[in-house]
Amino acid sequence: MSLVKTRFAPSPTGYLHIGGARTALFAWLYAKSQEGECLLRIEDTDKERSKDEYTREIIESFKWLGVEFDNKVVYQSNNADRYKEVIDQLLELGSAYVCNGEDPETDKEYRDQNLPRDNKTVVRFKMPEEGTTVYADIVKGQIEVANEQLDDFIIERSDGSATYNLCVVVDDIDSNISHVIRGDDHVNNTFKQINVFKALNKNVPIYGHVPMILGEDGKRLSKRHGALGVREYADLGILPEALKNYLLRLGWSLGDDEIFTGDDMKKNFQSGILNKSPATFSMDKLLWFNKYYLDQMSIDQLMKVVALKDFDGGEYSKTVLETIRDRCSTLNEFSTNSDYFFKDPKDYDPSLLTKHCKEHTFNHLSLLKEQLEALEIWEQAHIKEVIDRVVSDLGIGFGKIGLPLRLALTATVNSPSIDLVCDILGKEITSRRLESFLIKIKNLKTDQ
RNA sequence: GGCCCGUUCGUCUAGUGGUUAGGACAUCUGGUUUUCAUCCAGGCAACAGGAGUUCGAUUCUCCUACGGGCUACCA
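Residues numbered from 1 in each chain as written. Chains lettered and ligands numbered in written order. Predicted model: local features only at pLDDT ≥ 70, side-chain atom pairs only at ≥ 80, totals over all residues. Heavy atoms only, no water.

**Q** How should I be thinking about the pattern of salt bridges in this particular structure?
**A** As a working rule, side chains carrying opposite charge can pair if their charged atoms are close by. In this structure the tally under the stated criterion is 28 salt bridges. Two residues, Asp174 and Arg82, come together in a salt bridge whose shortest N-O distance is 2.6 Å. Placement of the pair is Asp174 in helix H5 (residues 164-174) and Arg82 in helix H3 (residues 80-92), with a sequence separation of 92 residues. Given the relative accessible area of 38%, Asp174 is considered partly exposed. With its nearest N and O atoms 3.3 Å apart, the salt bridge here joins Lys126 to Asp112. Of this pair, Lys126 sits in the loop between strand S5 (122-125) and strand S6 (132-137) while Asp112 is found in the loop between helix H4 (104-107) and S5, placing the two residues 14 residues apart along the sequence. Shared partners join several salt bridges into a network, and the residues in it are Arg7, Arg41, Glu43, Asp171 and Asp172. (Salt bridge = Lys/Arg side-chain N within 4 Å of Asp/Glu carboxyl O. Helix = DSSP H or I, 4+ residues; strand = E, 2+ residues; numbered from the N terminus. Buried < 20%, exposed > 50% of the residue type's maximum accessible area, 1.4 Å probe, protein only.)

**Q** Can you help me understand the packing of aromatic side chains in this one?
**A** The geometry of an aromatic ring pair is captured by two quantities: the separation of the ring centres and the angle between the planes. One pass over the full model with this rule turns up 19 aromatic pairs. An aromatic cluster of at least three residues, connected via ring pairs, comprises Tyr233, Tyr246, Phe281, Trp288, Phe289, Tyr292 and Tyr293. (Phe/Tyr/Trp six-rings, centres within 6.5 Å; stacked < 30°, edge-to-face > 60°.)

**Q** Before we go on, may I ask you to explain the state of the cysteines in this structure?
**A** Put plainly, a disulfide is one covalent bond tying together the sulfur atoms of two cysteines. On inspection of all chains with the given rule, the structure shows 0 disulfides. The structure places no disulfide on Cys38, whose sulfur is separated from the nearest cysteine sulfur, that of Cys167, by 19 Å. You can see Cys422 has no disulfide; the closest cysteine sulfur is in Cys357, sitting 16 Å from it. (Disulfide = S-S within 2.5 Å.)

**Q** Even after reading the chapter, I still don't get the packing of helix H16 (residues 361-373) against helix H18 (residues 398-410), so can you show me in this structure?
**A** The description of two packed helices rests on the angle between their axes and on the distance between the axes. Following both chains from N to C, one finds H16 and H18 inclined at 75°, their axes separated by 10 Å at the closest point. Comparing their axes, H18 and H16 come out roughly perpendicular. Of the residues in H18, those in contact with Thr361, His364, Leu365 and Leu368 of H16 are Ile401, Pro404 and Leu405. A per-class count over the contact of H16 with H18 returns 5 nonpolar, 2 polar and no charged. (Axes fitted to C-alpha atoms, helices over the stretch in contact; angles between N-to-C directions. Parallel < 35°, antiparallel > 145°, perpendicular 65-115°, else oblique. Contact = heavy atoms within 4.5 Å. Nonpolar A, V, L, I, M, F, W, Y, C, P; charged D, E, K, R; others polar.)

**Q** When you look at the sheet that holds strand S3 (residues 74-75) in this model, what are you seeing that I'm missing?
**A** Each strand in a sheet pairs with its neighbour through backbone hydrogen bonds, running either in the same direction (parallel) or in the opposite one (antiparallel). Spatially, 3 strands are ordered S1-S2-S3 in an open sheet, and the strand pairing comes out parallel. Of all strands in the sheet, those bounded by a partner on one side alone are strand S1 (5-8) and S3. With 4 bridges connecting them, S1 and strand S2 (residues 37-42) associate as parallel partners. Note that in S2 the partner of Thr6 across the bridge is Cys38. Strand contacts of helix H1 (residues 18-32): S1 and S2, with the helix running at about 165° to S1, the strand carrying the most contacts. Of the strands in this sheet, S1, S2 and S3 touch helix H2 (residues 52-65), which is tilted by about 155° from S2. (Pairing = 2+ DSSP bridges.)

**Q** What's the story with the confidence of the model for chain A in this structure? I'm lost.
**A** Caution applies to low-pLDDT parts of the model: their predicted coordinates are not meant to be read in detail. With 97% of its residues at a pLDDT of at least 70, chain A reaches an overall mean of 92. The ipTM assigned to the predicted complex is 0.94, against a pTM of 0.92. (pLDDT = per-residue confidence, 0-100.)

**Q** Explain the protein's contact with RNA strand B to me, please; I cannot follow it from the model alone.
**A** As a structural note, the neighbourhood of RNA strand B is formed by 52 residues, with Arg157, Arg327, Phe398, Ser415 and Asp419 the closest of them. When atoms of RNA strand B within 4 Å of the protein are split into backbone and base, the sugar-phosphate part holds 69%. A distance of 2.7 Å separates a phosphate oxygen of RNA strand B from a polar backbone atom of Gly251. Taking Ser253, its side chain carries an N or O atom lying 2.8 Å from a phosphate oxygen of RNA strand B. (Near = heavy atom within 4 Å. Polar contact = N/O pair within 3.5 Å; in protein donor to acceptor, adjacent residues only side chain to side chain.)

**Q** What exactly am I supposed to notice about the packing of helix H17 (residues 380-394) against H18 here?
**A** Close contact between H17 and H18 brings their axes to 9 Å; oriented N to C, the two are set at 135°. When the interaxial angle is binned, H17 and H18 end up oblique. The hand of the H17/H18 crossing is right-handed. Mapping the contact onto sequence places Ile387, Asp388, Val390 and Val391 in H17 and Phe398, Ile401 and Leu405 in H18. When its residues are assigned to classes, the contact of H17 with H18 shows 6 nonpolar, no polar and 1 charged. (Left-handed = near helix turned anticlockwise from the far one by under 90°.)

**Q** Is there a simple way to think about the side chain of His209 in this case?
**A** Take His209: it is sitting in strand S10 (residues 206-210). Within the local environment of His209, its side chain forms a polar contact with the side chain of Arg182, the two groups lying 3.2 Å apart. Polar side-chain contacts of His209 include one of 3.1 Å to the side chain of Thr190. Beyond its immediate sequence surroundings of up to four residues, His209 is in contact with Tyr135, Asp137, Val139, Lys140, Arg182, Gly183, Asp184, His186, Val187 and Thr190.

**Q** Honestly, the sheet that holds strand S4 (residues 96-99) in this entry has me stumped. Any pointers?
**A** The strand order S4-S5-S8 describes an open sheet built from 3 strands, whose pairing is antiparallel. Strands with a single pairing partner mark the edges of an open sheet, and in this sheet they are S4 and strand S8 (154-156). Looking at each pair of strands side by side, their axes are set apart by 40° on average, direction ignored. Alignment of S5 against S8, held across 2 bridges, turns out to be antiparallel. Its bridge partner being in S8, Arg124 is matched across the sheet by Ile154.

**Q** What exactly am I supposed to notice about the pairing of S4 here?
**A** Side-chain direction in a regular strand flips from residue to residue, so the side chains alternate between the two faces of the sheet. Residues Ala96 and Val98 point to one face of S4 and Tyr97 and Cys99 to the other, with burial holding for every one of them. As judged from the 4 bridges shared by S4 and S5, these two strands associate in the antiparallel manner. In the sheet register, Ala96 faces S5, and the bridge partner there is Phe125.

The following block contains the structure:
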């Protein structure tokens, strides 16, 4: 049985965006699910637009995602001589010809003229003029086009460099690529490439063209169209396994299943179905996956991925993590939602202050503070008792005092149970924050 | 314009020549909750349109509409 070998071939003219990442994921899974190999090939023949920093970024992004390519990274810029060799060969075979690089129709007159090559001429590939070019696409099914639709495309520029459609074929031959899994923006190139393989008398690989991803506005997702780089999702606090799972489900499915871990993917990829139509990206669903994977983690695992200096692995930080994890669906939210457990609030939102601090709030809170400070055993249940007692003694609703208390301690009105927060914070800190909050709202009152 | 490809709830999708067309996200309504979130229960919601083929089409064929791609000495 021959080895399944695929490749992902980005051009380093920008960061790796999620569309590319998904295409790569499919190419990689296709190979990995059959114990094959997948190569990374950097198509950097466009010297103007290619940048090393993008190459590094792309490699980093895959590392983060957990897509591991086999063998060494191939750089097309290293293969110029080889391309030249193949172009010469094509010329010798009579499958290509030198011409002036005008439009394809007028250039066609040079098909059999054997024009000398110089620094003004280009080389075109001789496309068959009759019949059709057909191939069976793994995802799209049989696709065919009449050869008369196909132009004699340029394979060598006037500066002597080879163009994309030639390089791809040469590299795919040289790396023994068995299956070309790529974006469906390449279907039309496929007809050109197939004919080059044939002219060279080489086996044509099997093709599979995966549909593009559309942005949330339904337009194509691209580097210039708000596509977010893989890196940016990482910065947003998305877990790599969540992004991977989401990207997989965008266009691929296996019955009603949603969750696929790395191993599940490899195991089941072949039995699933790849859709033919483009899919629209949904941040909401990505976040749902993210939350799911976050929920699966133990506290110790969470501690590692959250990776904030406050979460040092100590008992206190474990408790904090445990109490806030439900309200976090990205890594970044662990930071914003835990802030007040580590630092006294500095500023309060003025609109929250005016909303929750009314005429009697100062007195109510002062009373509560006294009662809390008198508490012997600082535990959630006892704290709750005190709050309940004050509420009923005062004959007010819980919100009248609970919300200001929450604001005082956390500077927000969304937090875990306030008695729990008091418990975790400890008596001293609770009392301290209450004290400075009281001063603040006292002044607030005199200002008015 | 030419060529290629596509079209099931708002979104990702399952599925079949005869189904109450299934699931997930979002949304809505309840429940839990001292707030927010989580969680639980339930609801709304789709076969693009038109012709055929057929006893019967969401499913097969054709046309139209719409969407996407390609049409470079970019990749």
